[in-house]
Structures are given as C-alpha cells and as structure tokens.
Amino acid sequence: GCLLLWLLPSVLRAQSNGEARARSTPCQQSPTKVSCKGLGLRKFPKELGQGVKHLELSNNFIQNLSGSHVPGLGQLEYLDLCFNRLEAVSATTLAQLPQLRSLLLRSNRLDRNYLANGRAFRLLSNIEVLDLSANNLESHMAGWYVRNLTTLRVLDLSGNKMTRLPAGIFWSTSRLRELDLSDNYIVDIEEGAFEALEELEVVNLALNSLHCISGFSLAQLRVLNLSHNALELFASEEGAEPYLLRVLDLSHNRLLYFPELPGARYLTHLNLSNNLIASLLPGSRGPGEFALRYEEMARFNGTSRAPAALALVADLDLSNTQLQLFPLAFFHGLGSLHSLSLARNCLQDVARESPAGGTEPSDRSPEQPCESPGSDWGGSWGGGSRVPAPGGSCTPFYNLPRLKHLSLRKNNITRLHPYTFNQTSLLSLDLSGNEGLFVSKEALGGLEFSLQKLSLRGNQMDNSKAELPCLDTLKVLDLSGNNLSLLPTGLFCSPLESLDVRHNNLLTLDRPALASWSRSLKDVSVAGNPFSCCSLASPDA
C-alpha cells in the first residue's frame, strides 16, 4: 500500500505535464505553416516559432487583436481569421505584420469599432487579398476599411449590408483585379463608382437588388455576374475600344428582351436563363409584341441574325425565359456555338424556312427542308430534285457545325421536321418533357454518326411516335415515362451503355436488342413496366 501511495504523485505529475504540453501546442505545425483551426482559441496563440508564413486561425472565438503581441511573425504572409468573433483590430498588432499579403476575415463582427479598425488597416502596406465578407458592413463602413489600400488586388465584400456604391468608394484601390459584392442589398451604383479600377477583370454583383444597368462601360472586364437581381434592362455603351468581356451571367432577372451588347466581341459564355425574354425578334420589348405568327416572322429574316458581337459565344443558356418564337437565322449568327439550352420555354414546333425565304407555320404538310445534298426521296420545290433550303437556315438547328449540346427540354414541341439537325454534329440532345412529341425516323437524320446521348423522357410517346434511326454512336438513352410496348428497332445497332425504359408498357425485352447490347450495356433501368417474367427473352433463349 505504501508503494502505491509513493508512486501516485509521480504518475499524476507525469499526466499533468503531458496535458500541459498538449495544451501548449495544439496546433498543427510545419516550418512555415501553422493551422489552429477549430481549437476553441480565445486569444492569438503565442510561441508559434520563427519563420511562419501561413497561419490559419479560423473557427475559433478570438474577439480582438488589440494590443496583441505577435513576436516572430514578421514574415507572415497569410492570415485566416474567418468565423471568429473579431470586433477590434489595433494598429499595434498590424504593425508587426509588415509582409502580410492575404487577410481573411469572413464572418466576424467588424461592423463594431469600424472607425478605429479602419485606421489600423492603413498599416497593411502590402496587402493584396482581403476578405471582409459577412461582417454586417454597410456601404460607408466598407469604403472606410478599404480606404488607402493601394496594393489590393482581390477584395471580397459579399454577404454584407451594402445598399449603394457611391462614387469614389474604390478610388484608392486602383490595382483591384477581382471584386465580389454579391449577396448584399445594392440598389444603386453611382456614376464613377468603378472609374478608378482600370485593372478590374472580375466582378460579382449577384444576389442584389439592381433594376437597371445602362451605359455599362467597363471595357477591361473579363467576367461579370449580375444573376439574381431585378434587372429589366442591360445596355452597354459602344466605345472606340472593344470590350474584353468573356463571361456574362444575367440569369434570374426580369429582362424583357435580349440585352444590347454592341462591343462585346470576345464574349464566350452568356447566361440569360430565368428571365422574361419571350422573343428574340429585334425590338420586342413589350408582352403585346410577342404574339407574332410564324408568317409574320418572314419580314424579320433578313435582319434577325444574332448580333455580330456574339460571334464567339460558345455557351448560351436561354432556358426558362418564356420564349415562344425565334428568328430562324438567329443561331446561325453564332458561329462558335457549342452548347445551347432552350429548356423550359414555350416553344412549339420548330419553324422551317420556305423556298421564298419566309417561314411557314408548323401545322403545314411535313416537308423535308434539311435533307442532305443529292437526296431525293419524294417531293420537290415545285418540280425538280429537292435541295436544302438556301442560306443554310432551313431550321434554326440546321448546319451549326460547332454545336455539340442542345437542350429543348420541357417545351411544347409536338413534332420535329425531317432532318431538323442535319449538318449539326450534336453529341447530346435533350427532348424530354415535350408531351405527345412525334419523332419520325428522318427527324434525327444527320445525327447517325455523332449523337452519343439522347433523352426522350416523359413525352408520353407510343410506338408510332418513336421511329428512331440507326444511331451508330449512341451510348446513353433515356426513354422513361413513355407508353412504349416495343423498343424502337432502329436502336438495335447502337452501342448502348446505359438504357432507361422505366414506366413504359413493355411486356418483354426483345431478343435482338439483348443480343446486340450484350457486350456494351453496363446499366439498364426497367422498373414500372408490366413485364411478364415468363416471356422475358435472353440472348441464349
């Protein structure tokens, strides 16, 4: 018993010393990087060692850096204090960090003591990246914090309470390259707010309350995000120098017509989804002008090509924009178009161009305007052999050689004209959600050697409405949500890897189909069919 009593103090001392060492060095350290994330710290850690350049202190409870001594951090370049309770920063502390390049302060309480904190920030003589997001900052507070930060290159002010951008707010940050102002309450951008930012390339103004952008003149900008605002107008000025804008996101706004982009010659990505653009016809600005019949579109055909500024656009999203019609030649002005979405609109049958250069309504006799040259399988333009329509625009999707991905999902399309996509080498085509759609064997003519993915999901098609051709490259096919009792025989030559036939009326899977897909098919979905298990075929049956 005495021996145990004698050993006990030694054991307790050893445990106490171990715990003390664990508490004193809880951070993960390397020679130049220290991470103290999520350790419940309430003060700036001490004894971090010499030569640290990267310090992570996010997700702690640090409330102030006032008077904090940070010895040995004279070489610190990166400091992350996101998700703390920081409300006070002193000049004394920042003066000890002369090499600081990146300061991340997201989700703190920097709306408190902003005047004193802002004065301390003037000691950040080499700062290049500053994150002040989610700090409840109002416009004047944000302006005060960034005042005199002449070396700043990247600034994040998202998730604050800014309501306006006054003229001169960024006057001293002339080297700014990236600016995030998303998720604020901005309703007004005063003239001259961005005037000093001659090197600005990326601006995010998403999730604000802007109603109008007129006289847009940031010619050097590469990326502009204005999604999730209340924009009814976007118009840019046509200056002597072309705009360098590559990416423009105007989705989730209230635009009534296609934006005016006279100088955006380098634009490659344009997102106009979730707006109120019911027509792409020139000058269509009011709902009363959208009720044009297809016959009346003929007079626009000579002038309704896409603006020359869109010649390099590769990705165009017009989904959920209430489109009812579009000039036939519009997409033919987009010579670089690679991906096009027209999903969730009000499009009906795809109009075709008549021999005279006009258009005909979709309920006329189903002629074949987009045949391959030299084909002659019935009919003619008033005698003689049939040829493709002049001008390469017999339908909006004819002869677009660079277009690879097209979505026409959830429109009101009930039929496709033969050879609608001829000379357009699509890789993927989405025609789902067009109830009652009729697809003749010739409709997909021209896609036999390019199409890899096809969706006809949820169209309520019966056997007579799904006459697919032999698609030699098709790998993924979705036929779910239809009324098919037989699989289209044209598919048996396709090297399918994925097949979805759920919720149809299939009683069996055809033996030729199983035999032809036995080596390629990797997954198949068949639930929701009235299969007769005894009659299911197999390749060896």
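Above this text you will find the structure in question.
About the cut-offs
Residues numbered from 1 in each chain as written. Predicted model: local features only at pLDDT ≥ 70, side-chain atom pairs only at ≥ 80, totals over all residues. Heavy atoms only, no water. Helix = DSSP H or I, 4+ residues; strand = E, 2+ residues; numbered from the N terminus. Buried < 20%, exposed > 50% of the residue type's maximum accessible area, 1.4 Å probe, protein only. Contact = heavy atoms within 4.5 Å. Areas by Shrake-Rupley, 256 points an atom, 1.4 Å probe, with all protein chains shown as cover. Salt bridge = Lys/Arg side-chain N within 4 Å of Asp/Glu carboxyl O. Disulfide = S-S within 2.5 Å. Patch = residues over 30% accessible without salt bridge, like charges linked within 9 Å, V, L, I, M, F, W, Y side chains within 5 Å. Lys, Arg positive; Asp, Glu negative; His and termini not counted. Charge placed at Lys NZ, Arg CZ, Asp CG, Glu CD.

Chemist: Looking at this structure, I do not really get the overall build of the chain. What am I missing?
Modeler: The number of helices and strands found in the chain is 5 helices and 28 strands. When each of the 541 residues of the chain is scored for burial, the buried share is 49%. When contacts within the chain are restricted to residue pairs at least 6 apart in sequence, long-range pairs at least 24 apart make up 53% of them. Summing over all exposed atoms, the chain offers an accessible surface of approximately 24,600 Å²; the carbon and sulfur share of this is 51%.

Chemist: Explanation requested: the pattern of salt bridges in the structure shown.
Modeler: Side chains carrying opposite charge are able to pair once their charged atoms draw close together. Per the stated rule, a full pass over the model turns up 8 salt bridges. Of the charged contacts in the structure, one is a salt bridge between Lys33 and Glu56, with a shortest N-O distance of 4.0 Å. Pair noted here: Lys33 is in strand β2 (residues 33-35) and Glu56 is in strand β3 (residues 54-56), with a separation of 23 residues, a long-range link. Classification of Lys33 as partly exposed rests on a relative accessible area of 38%. A salt bridge links Arg153 to Glu199; the nearest nitrogen and oxygen atoms lie 2.6 Å apart. Taken together, the residues Arg153 in the loop between α4 (139-146) and β9 (154-156) and Glu199 in the loop between β12 (188-189) and β13 (202-204) connect sequence positions 46 residues apart. Each member of the salt-bridge network shares a partner with another, and the members are Lys33, Lys37 and Glu56.

Chemist: Even after reading the chapter, I still don't get the state of the cysteines, so can you show me in this structure?
Modeler: Two cysteines form a disulfide when their sulfur atoms are joined by a covalent bond. Inspection of the entire model under this criterion finds 2 disulfides. The disulfide partner of Cys27 is Cys36, and the gap between their sulfur atoms is 2.0 Å. On the sign convention where negative means left-handed, the S-S torsion of about 110° between Cys27 and Cys36 marks this disulfide as right-handed. A relative accessible area of 13% means that Cys27 is categorised as buried. The disulfide bridge from Cys470 ends at Cys493, spanning 1.8 Å between sulfur atoms. A torsion of 130° about the S-S bond marks the disulfide between Cys470 and Cys493 as right-handed. Separated by 23 residues along the polypeptide, Cys470 in the loop between β25 (453-455) and β26 (476-478) and Cys493 in the loop between β26 and β27 (498-500) bring together distant segments of the chain.

Chemist: Where do I start with a negative patch on the surface in this structure?
Modeler: Among the surface-exposed residues, Glu191, Glu195, Glu198 and Glu237 lie close enough to one another that they form a single negatively charged patch. Examined against the element boundaries, Glu237 turns out to sit in the loop between β16 (233-236) and β17 (247-249). Here Glu237 falls in the partly exposed class, since its relative accessible area comes to 43%.

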